[in-house]
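Listed here are the chains, written in short residue letters.
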Amino acid sequence: MPHSADRRMSYIGATYIGNFMDKNLIFEVFDEINRYLAENDLPTRFVYLGKLEVGPGYLINIPVEGGQVKGYPLEAVIEALYARLLQEGQGETGFQMRRIFGLTTFPLVSRNHYFHIYEKFLGFQQDILGMKIMVLSMKPFESPNKELMKARIFKGVLHELGHSFDLEHCPNECVMNPPADMGEWDRRPLSYCPSCMRKLQSALLSELTFGGPSNSKNGEQGR
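Residues numbered from 1 in each chain as written. Predicted model: local features only at pLDDT ≥ 70, side-chain atom pairs only at ≥ 80, totals over all residues. Heavy atoms only, no water.

1. Some words on the packing of aromatic side chains
Taken as a whole and judged by the stated rule, the model has six aromatic pairs. Judged by centre distance (6.2 Å) and plane angle (75 degrees), the ring pair of Phe 30 and Phe 101 falls under edge-to-face. Of this pair, Phe 30 sits in helix α1 (residues 23-39) while Phe 101 is found in strand β5 (residues 97-104), placing the two residues 71 residues apart along the sequence. Taking relative accessible area as the criterion, Phe 101 reaches 0% and is therefore assigned buried. Note on Phe 46 and Phe 101: the rings are 6.1 Å apart at their centroids and 75 degrees apart in plane angle, and the pair reads as edge-to-face. Here Phe 46 is found in strand β2 (residues 44-51), whereas its partner Phe 101 is found in strand β5, with 55 residues between them in sequence. Each member of the pair, Phe 46 as well as Phe 101, carries the same accessibility label: buried. Counting every residue linked through ring pairs, the aromatic cluster contains Phe 30, Phe 46 and Phe 101. One residue, Arg 99, lies across the ring of Phe 165, its end atom 3.8 Å from the ring centre. Directly above the ring of Trp 185 sits Lys 155, whose terminal nitrogen or CZ lies 5.9 Å from the centroid. (Phe/Tyr/Trp six-rings, centres within 6.5 Å; stacked < 30°, edge-to-face > 60°. Helix = DSSP H or I, 4+ residues; strand = E, 2+ residues; numbered from the N terminus. Buried < 20%, exposed > 50% of the residue type's maximum accessible area, 1.4 Å probe, protein only. Lys NZ or Arg CZ within 6 Å of the ring centre and 35° of its normal.)

2. Observations concerning the pattern of salt bridges
Applying the stated criterion across every chain yields a total of 12 salt bridges. Its salt-bridge partner being Glu 142, residue Lys 139 comes within 3.7 Å of it at the nearest N-O pair. (Salt bridge = Lys/Arg side-chain N within 4 Å of Asp/Glu carboxyl O.)

3. What about the environment of Met 182?
Along the chain, Met 182 falls in helix α4 (residues 182-187). When the C-alpha positions of Met 182 and Arg 152 are compared, they lie 8.9 Å apart, and in sequence the two are 30 residues distant.

4. Points about the side chain of Asn 177
Mapped onto the elements, Asn 177 comes out in the loop between α3 (146-164) and α4. Here the side chain of Asn 177 touches Asn 172 through a polar contact of 3.0 Å, landing on its backbone oxygen. (Polar contact = N/O pair within 3.5 Å; in protein donor to acceptor, adjacent residues only side chain to side chain.)

5. Considerations on the environment of Leu 158
Within the fold, Leu 158 resides in helix α3. Put simply, Leu 158 and Tyr 192 are 34 residues apart on the chain and 8.1 Å apart in space, counted from C-alpha to C-alpha.

6. A short note on the state of the cysteines
Following the criterion strictly, the structure yields zero disulfides and no others. No disulfide involves Cys 174; its sulfur sits 3.8 Å from that of Cys 196, the nearest cysteine. Between Cys 196, a free cysteine, and Cys 193, which holds the nearest cysteine sulfur, the sulfur-to-sulfur gap is 3.7 Å. For Cys 196, a relative accessible area of 3% puts it in the buried group. (Disulfide = S-S within 2.5 Å.)

7. With respect to α3
Taking 1.5 Å of rise per residue, the 19 residues of α3 would be expected to cover 27 Å, and the 27 Å separating its terminal C-alpha atoms lies within 8% of that figure. With 16 of its 19 residues buried, α3 lies for the most part within the structure. Two residues or fewer past α3, Asp 166 is found with a positive phi of approximately 70 degrees. (Expected span 1.5 Å × (residues − 1).)

Structure, rendered in structure tokens:
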């Protein structure tokens with residue numbers, strides 16, 4: 001993780017929400033992603049912010065086949081992440097952040113309708129006044145094999161990161177190619193394809209040159 005601000009970098013807050021015993025796994029994922037970004041000369045880095053508290057009163061029961069699971073309403077997670085991003089902007093860390101990425105141990109649902117995100121490999125993004133809020137549930141990626149789980153989350157984070165810089169889905173061997181099932185996701189490379197890499201480098205250069213995320217209007221999208 002970076003320890004001092006570099007104005008030639010785009011910084012992204014990294015946090016997690018929920019109960020997770022192996023907190024080192026989350027730190028390791030973002031640390032490995034930062035190494036990947038550095039190795040590929042991509043001027044963006046994640047800054048680990050620790051755990052984000054969302055009150056247990058927000059948890060709701062979700063009916064599923066064979067019983068119920070608990071989950072956070074997506075709106076509550078988005079609101080908490082946005083508040084944390086604003087808080088970081090008012091601090092004295094020196095990091096100018098316009099993006100925040102939240103991993104959650106719970107499935108995500110909406111107060112308005114149920115997305116079935118708990119059984120798919122989807123993240124969610126929302127633009128609020130030029131700031132980009134990204135959320136990814138770790139629930140679909142759970143595995144007793146720690147390295148396999150880390151690889152799945154790693155690819156999920158890269159996928160959402162790409163979308164935040166306006167990358168679309170890709171038909172190549174690439175993390176931007178959405179899977180039909182978990183087996184397909186496990187076969188995806190831990191990287192962008194050359195085409196997506198060039199697009200990401202161009203988007204980052206443009207943002208650092210002209211300032212601010214490329215899409216500053218309010219909006220939301222599930223991925």
